[in-house]
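Topology and contacts: notes
As a plain string of letters, each chain reads:
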Amino acid sequence: MSTPSDDALLVLFANGDPEAARMLTDRLGPRTFNVAMRVLGNRAEAEDVAQDAMMRLWRMAPKWEQGQAKVSTWLYRVTLNLCLDLKRQRRTVDLDAVAEPEDPACSVPERLQNAARFDALQAALMELPERQRQAVVLRHIEELSNPEISGIMDISVEAVESLTARGKRTLAKALAGRRAELGYSDG
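Residues numbered from 1 in each chain as written. Predicted model: local features only at pLDDT ≥ 70, side-chain atom pairs only at ≥ 80, totals over all residues. Heavy atoms only, no water.

Before going further, it helps to spend a moment on helix H4 (residues 71–89). With 19 residues, H4 ought to run about 27 Å at 1.5 Å a step, and its terminal C-alpha atoms sit 27 Å apart, in line with that. Within H4, the full set of buried residues consists of Val71, Ser72, Thr73, Leu75, Tyr76, Val78, Thr79, Leu80, Leu82, Cys83, Leu84 and Lys87. (Helix = DSSP H or I, 4+ residues; strand = E, 2+ residues; numbered from the N terminus. Expected span 1.5 Å × (residues − 1). Buried < 20%, exposed > 50% of the residue type's maximum accessible area, 1.4 Å probe, protein only.)

What follows concerns the environment of Val157. Tracing the sequence through the fold places Val157 in helix H8 (residues 157–176). The exposure class of Val157 is partly exposed, given its relative accessible area of 27%. The spatial distance from the C-alpha of Val157 to the C-alpha of Pro147 is 5.8 Å, given a sequence separation of ten residues. Non-local contacts of Val157, meaning those with residues more than four positions away in its chain, are made with Asn146, Pro147 and Ser150. (Contact = heavy atoms within 4.5 Å.)

Contact geometry for helix H6 (residues 130–141) and helix H7 (residues 146–153): axes closest at 10 Å, N-to-C directions at 140°. Here H7 runs oblique to H6, going by the angle between their axes. Pair H6 / H7 crosses with right-handed handedness. For the pair formed by H6 and H7, the contact residues are Arg131, Gln134, Ala135, Leu138 and Arg139 on the first element and Asn146, Ile149, Ile152 and Met153 on the second. Tallied by class, residues from the contact of H6 with H7 come to five nonpolar, two polar and two charged. (Axes fitted to C-alpha atoms, helices over the stretch in contact; angles between N-to-C directions. Parallel < 35°, antiparallel > 145°, perpendicular 65-115°, else oblique. Left-handed = near helix turned anticlockwise from the far one by under 90°. Nonpolar A, V, L, I, M, F, W, Y, C, P; charged D, E, K, R; others polar.)

Here the focus is the packing of aromatic side chains. Evaluated as defined, the whole model comprises one aromatic pair. Between the aromatic rings of Phe13 and Trp58, the centroid separation amounts to 4.6 Å while the plane-to-plane angle is 50°, which identifies the pairing as tilted. Note that Phe13 is positioned in helix H1 (residues 6–14) and Trp58 in helix H3 (residues 43–60), a separation of 45 residues in sequence. Residue Trp58 is classed as buried on the basis of its relative accessible area of 16%. (Phe/Tyr/Trp six-rings, centres within 6.5 Å; stacked < 30°, edge-to-face > 60°.)

In this section: the environment of Arg90. Along the chain, the position of Arg90 falls in the loop between H4 and helix H5 (108–127). Relative accessible area serves as the criterion here: at 18%, Arg90 is assigned to the buried category. Apart from residues lying up to four places away in sequence, Arg90 is in contact with Leu40 and Glu45.

Chain-level statistics for the protein chain give a pLDDT mean of 85 and a share of 89% at 70 or above. Least confident of the elements in the protein chain is H5, whose mean pLDDT is 79; most confident is H3, at 93. (pLDDT = per-residue confidence, 0-100.)

Attention shifts here to unusual backbone geometry. Although it is not a glycine, Glu143 sits at a positive phi angle of roughly 60°. Counting through the fold element by element, Glu143 comes out in the loop between H6 and H7.

Okay, structure coming up:
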C-alpha cells in the first residue's frame with residue numbers, strides 16, 4: 001500500500017480523520033521546526049513558530065484545494081513568514097542562549113565537536129542577509145529544490161540560485177579559517 005500524499009492527508013484530516021493528522025504532523029513537523037530553528041537560531045522560538053505554523057495548517061485544511069500548491073510549500077512559506085514576523089519584533093539575536101540538544105549516541109568529545117560545528121554554522125548563518133539565509137537553509141540544510149524554494153519565497157528560480165550561491169560563498173569565507181578548529185582536515 002502506498003503512502004498517501006500530503007494533499008490527500010490534509011483532505012482526510014479536514015474530513016475528520018485523526019490518523020491523517022498524526023501522519024502529516026510526523027512528516028512535516030520536524031522539517032518545519034528545523035527551518036524555524038535555522039532561521040531564528042533559538043530553540044524555544046523555533047518550537048513556537050513550528051507549532052503555530054502547524055496550527056495554521058489545521059485551521060486552513062477545510063479550505064485546501066488539491067493541486068493548487070504543495071502542502072509542504074505552503075507550510076514552509078507560513079513558517080518563514082512567522083519567523084520574519086518574530087524577528088521584526090525582536091531586533092537582537094543572542095546566540096549564546098541557543099541550547100544545544102544532547103545526542104546520547106555520541107561521545108563527549110564528539111558532542112563538543114558537533115556543538116562547535118553547529119554553533120559556528122549558526123553564527124555564520126546569522127551573519128547572512130535575511131533572504132540569503134532563508135535560501136541557504138532551505139536549499140542546503142533542508143535540501144529542497146530550487147523550484148520549491150522559488151514557490152516558498154515567492155521569487156524566481158534564478159533569484160534562488162543567486163541567493164544560495166552568494167550565501168554559500170559568504171559562509172565558506174566565514175568558516176574557512178576555522179577548519180582545523182572545527183575538526184576538519186585539509187586532506
